[in-house]
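Analysis of the macromolecular model
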Amino acid sequence: MSVPTTIKLTKADTVALWHAIDAQGYAVRAMRDMNREEPGQFTHEQIAVEQERLLAAKRALRKVNALRRAQ
């Protein structure tokens with residue numbers, strides 16, 4: 001599916017995405033910290049899944065930044 005050329009990515013768009021990804025990172029760290037304080041709140045698999053989602057989001061943000069620069 002192609003994106004219409006009238007849509008432009010702005011720096012504010014990518015900054016907003018960065019803030020969302022940063023918050024996701026804090027959530028993953030909080031999961032790990034909570035598990036250290038009280039083991040058993042989250043399984044290692046749950047934390048691993050969230051970590052993978054975070055890494056995918058960071059990769060996607062790099063792509064979005066590259067697209068914005070290429071405009």
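Our structure's up above, just so we're on the same page.
Residues numbered from 1 in each chain as written. Predicted model: local features only at pLDDT ≥ 70, side-chain atom pairs only at ≥ 80, totals over all residues. Heavy atoms only, no water.

1. So, the nonpolar core
Judged by nonpolar contacts, Ile21, Val28, Leu54, Ala57 and Leu61 together constitute the single largest core of five residues. Only helix H1 (11-37) and helix H2 (44-70) provide two or more residues apiece to this core. Apart from the residues within four sequence positions on either side, Ile21 is in contact with Leu54, Ala57, Lys58 and Leu61. (Core = buried A, V, L, I, M, F, W, Y, C linked by side-chain atoms within 4.5 Å. Buried < 20%, exposed > 50% of the residue type's maximum accessible area, 1.4 Å probe, protein only. Helix = DSSP H or I, 4+ residues; strand = E, 2+ residues; numbered from the N terminus. Contact = heavy atoms within 4.5 Å.)

2. What about the side chain of Asn65?
Within the secondary structure, Asn65 is located in helix H2. The buried category is assigned to Asn65, whose relative accessible area is 17%. There is a polar contact of 3.4 Å between the side chain of Asn65 and the side chain of Thr14. (Polar contact = N/O pair within 3.5 Å; in protein donor to acceptor, adjacent residues only side chain to side chain.)

3. Structural notes on the packing of aromatic side chains
Enumeration according to the criterion identifies zero aromatic pairs in this entry. The ring centre of Tyr26 lies 4.6 Å from the NZ or CZ of Arg29, which sits over that ring. (Phe/Tyr/Trp six-rings, centres within 6.5 Å; stacked < 30°, edge-to-face > 60°. Lys NZ or Arg CZ within 6 Å of the ring centre and 35° of its normal.)

4. Some thoughts on the packing of H1 against H2
Across the interface, H1 lies against H2 with an axial gap of 10 Å and an inter-helix angle of 165°. In terms of their interaxial angle, H1 and H2 are classed as roughly antiparallel. In the packing of H1 onto H2, the handedness of the crossing is left-handed. Along its contact with H1, which presents Lys11, Thr14, Leu17, Trp18, Ile21, Gln24, Gly25, Val28, Met31, Arg32 and Asn35, the element H2 presents Gln46, Ile47, Glu50, Gln51, Arg53, Leu54, Ala57, Lys58, Leu61, Val64, Asn65 and Arg68. Class assignment for the residues of the contact of H1 with H2 results in ten nonpolar, seven polar and six charged. (Axes fitted to C-alpha atoms, helices over the stretch in contact; angles between N-to-C directions. Parallel < 35°, antiparallel > 145°, perpendicular 65-115°, else oblique. Left-handed = near helix turned anticlockwise from the far one by under 90°. Nonpolar A, V, L, I, M, F, W, Y, C, P; charged D, E, K, R; others polar.)

5. Considering a positive patch on the surface
The grouping of Arg29, Arg32, Lys58, Arg59, Arg62 and Lys63 at the surface amounts to a positive patch. Elements with a contribution of two residues or more to the positive patch: H1 and H2. With four residues, the single largest contributor to the positive patch is H2. Of note, Lys58 is situated in helix H2. Among the residues examined, Lys58 registers a relative accessible area of 37% and is labelled partly exposed. (Patch = residues over 30% accessible without salt bridge, like charges linked within 9 Å, V, L, I, M, F, W, Y side chains within 5 Å. Areas by Shrake-Rupley, 256 points an atom, 1.4 Å probe, with all protein chains shown as cover. Salt bridge = Lys/Arg side-chain N within 4 Å of Asp/Glu carboxyl O. Lys, Arg positive; Asp, Glu negative; His and termini not counted. Charge placed at Lys NZ, Arg CZ, Asp CG, Glu CD.)

So yeah, pure geometry; function would need other evidence.
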